[in-house]
Amino acid sequence: QNREVGRRQSVTDMVLDFVPAVIFLIDAERNRISWVNSSIKGMLGYTVEQAEGGGTKFLREILPSEDLRQLQQAVEFFEKRKGDEYKAMLHIRDAFGEEHKMNTTIAPAERFEKNKIKSYICIALDVTRQTETQQELKQLLRQMTTDTNSDSVVRSITRREYDILRLIAKEFSTKQIAEELNISVPTVETHRRNLLRKVAVKNTAGLVRFAVEQMIV
């Protein structure tokens, strides 16, 4: 029976060490990590000995004060019996000074009498790269949408409007454009108004910026 218990414990330890998350047990009274899985080395660069032997100072070094308050709020949440699971986004600093966004689930592990929390467990999943990728995808999507809209605008511009836009970007006045293209000033002004409407800008500066972005000049 003892052999079976030992085998199960070995399997449990192996799973905890290889799961892609930092799992740590915090002593609520002493405000220190009393146990952590070995994933902390690969994910954050700290050894198990550093985390477990660092005391309160270690927690203060890797967590900003706002996140330490979140841990305290989790304890208060459990002691008031509002639930047995608390979610938080912790910003954990690794051994090289880089900050990691860790989506963390917190749960009570041991309790004293009168529901006071003795220790609690935190399961922290690094979502730093996931968040950056989401932001990059959103930026790319915005860029693609902008490019698509710009292409549509360029296709809607007539040959005469294109010529006028090119000359506007070269700082030609309305009279100079009329002379260059051998058309009347009112005709230039009509085309200019059409360009403002199609490009969706308010003034000549907006037309010039559009022409530069689309490499019309």
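Worth saying up front: this structure is predicted, and the values here are computed from it rather than measured. (Residues numbered from 1 in each chain as written. Predicted model: local features only at pLDDT ≥ 70, side-chain atom pairs only at ≥ 80, totals over all residues. Heavy atoms only, no water.)

**Q** Describe the overall build of the chain, and please don't skip the residues or the numbers.
**A** Within the chain one finds 10 helices and five strands. Counting all 217 residues of the chain, 32% fall into the buried class. Counting contacts in the chain only where the partners sit at least 6 residues apart, residues at least 24 apart contribute 44% of the total. (Helix = DSSP H or I, 4+ residues; strand = E, 2+ residues; numbered from the N terminus. Buried < 20%, exposed > 50% of the residue type's maximum accessible area, 1.4 Å probe, protein only. Contact = heavy atoms within 4.5 Å.)

**Q** Describe the sheet that holds strand β4 (residues 99-111), naming the residues involved and giving the relevant values.
**A** Across the sheet, which stays open at both edges, the five strands sit in the order β2-β1-β5-β4-β3 with antiparallel pairing between neighbours. The open sheet terminates on both sides in strands that have one partner only, identified here as β2 (32-36) and β3 (86-93). When strand polarity is set aside, the average angle formed by the axes of neighbouring strands in this sheet is 35°. In this sheet, β2 lies alongside strand β1 (residues 22-27) in antiparallel orientation, the contact comprising four bridges. Residue Ile 26 lies in a different strand from β2, and its bridge partner there is Ile 33. (Pairing = 2+ DSSP bridges. Axes fitted to C-alpha atoms, helices over the stretch in contact; angles between N-to-C directions.)

**Q** Run through the pattern of salt bridges, naming residues and quoting values.
**A** With the rule as written, the count across this model stands at six salt bridges. When salt bridges that share partners are traced, they join Arg 159, Asp 163 and Arg 166 into one network. (Salt bridge = Lys/Arg side-chain N within 4 Å of Asp/Glu carboxyl O.)

**Q** Describe the confidence of the model for the chain, naming the residues involved and giving the relevant values.
**A** If pLDDT is low for a region, its predicted coordinates should not be looked at in detail. In the predicted model, the chain carries a mean pLDDT of 83, and 81% of its residues have values of at least 70. Counting interchain partners and residues more than four positions distant, the pLDDT-below-50 stretch residues 4-15 has zero contacts. (pLDDT = per-residue confidence, 0-100.)

**Q** Tell me about the pairing of strand β5 (residues 117-126), and name the residues and values.
**A** Examined bridge by bridge, β1 and β5 share six bridges and lie antiparallel to one another. What sits directly across from Asp 27, in β5, is Ser 119. Examined bridge by bridge, β4 and β5 share nine bridges and lie antiparallel to one another. Of the residues in β5, the one forming a bridge with Glu 110 is Ser 119. The antiparallel pairing of β4 with β5 creates a hairpin that spans five residues between the two strands, and Lys 114 there sits at a positive phi of about 60°.

**Q** How would you explain the nonpolar core if you had to name every residue and give the values?
**A** Membership of the largest hydrophobic core comes to 27 residues, with the highest contact counts inside it found for Phe 24, Ile 26, Ile 33, Leu 71, Ile 106 and Tyr 120. Those elements that provide at least two residues to this core are β1, β2, α2 (39-44), α4 (55-62), α5 (65-79), β3, β4 and β5. If near-sequence neighbours (up to four positions away) are discounted, Ile 33 is found in contact with Phe 24, Leu 25, Ile 26, Ala 51, Glu 52, Phe 58 and Leu 59. Ranked by size, the runner-up nonpolar core spans 20 residues in total, among them Ile 164, Ala 169, Leu 181 and Ala 211. (Core = buried A, V, L, I, M, F, W, Y, C linked by side-chain atoms within 4.5 Å.)

**Q** Could you give an account of the packing of helix α7 (residues 159-169) against helix α9 (residues 185-199), with specific residues and numbers?
**A** Following both chains from N to C, one finds α7 and α9 inclined at 90°, their axes separated by 10 Å at the closest point. Classed by the angle they form, the pair α7 and α9 counts as roughly perpendicular. Contact residues: α7 offers Arg 160, Glu 161, Ile 164, Leu 165 and Ile 168, while α9 offers Val 188, His 191, Arg 192, Asn 194, Leu 195 and Lys 198. Partitioned by chemical class, the residues of the contact of α7 with α9 number five nonpolar, two polar and four charged. (Parallel < 35°, antiparallel > 145°, perpendicular 65-115°, else oblique. Nonpolar A, V, L, I, M, F, W, Y, C, P; charged D, E, K, R; others polar.)

**Q** Tell me what's going on with helix α8 (residues 174-181), and back it up with residues and numbers.
**A** Of the residues making up α8, those classed as buried are Ile 177, Ala 178 and Leu 181. Angular distribution of buried residues about the axis of α8 spans 100°; they occupy a single face of the element. Pointing more than 90 degrees away from the buried face of α8 are the exposed residues Lys 175, Glu 179 and Glu 180. Residues of α8 that are buried sit in contact with α7 and α9. One or two residues past the end of α8 sits Asn 182, with phi positive at roughly 60°. (Arc of directions from axis to C-beta.)

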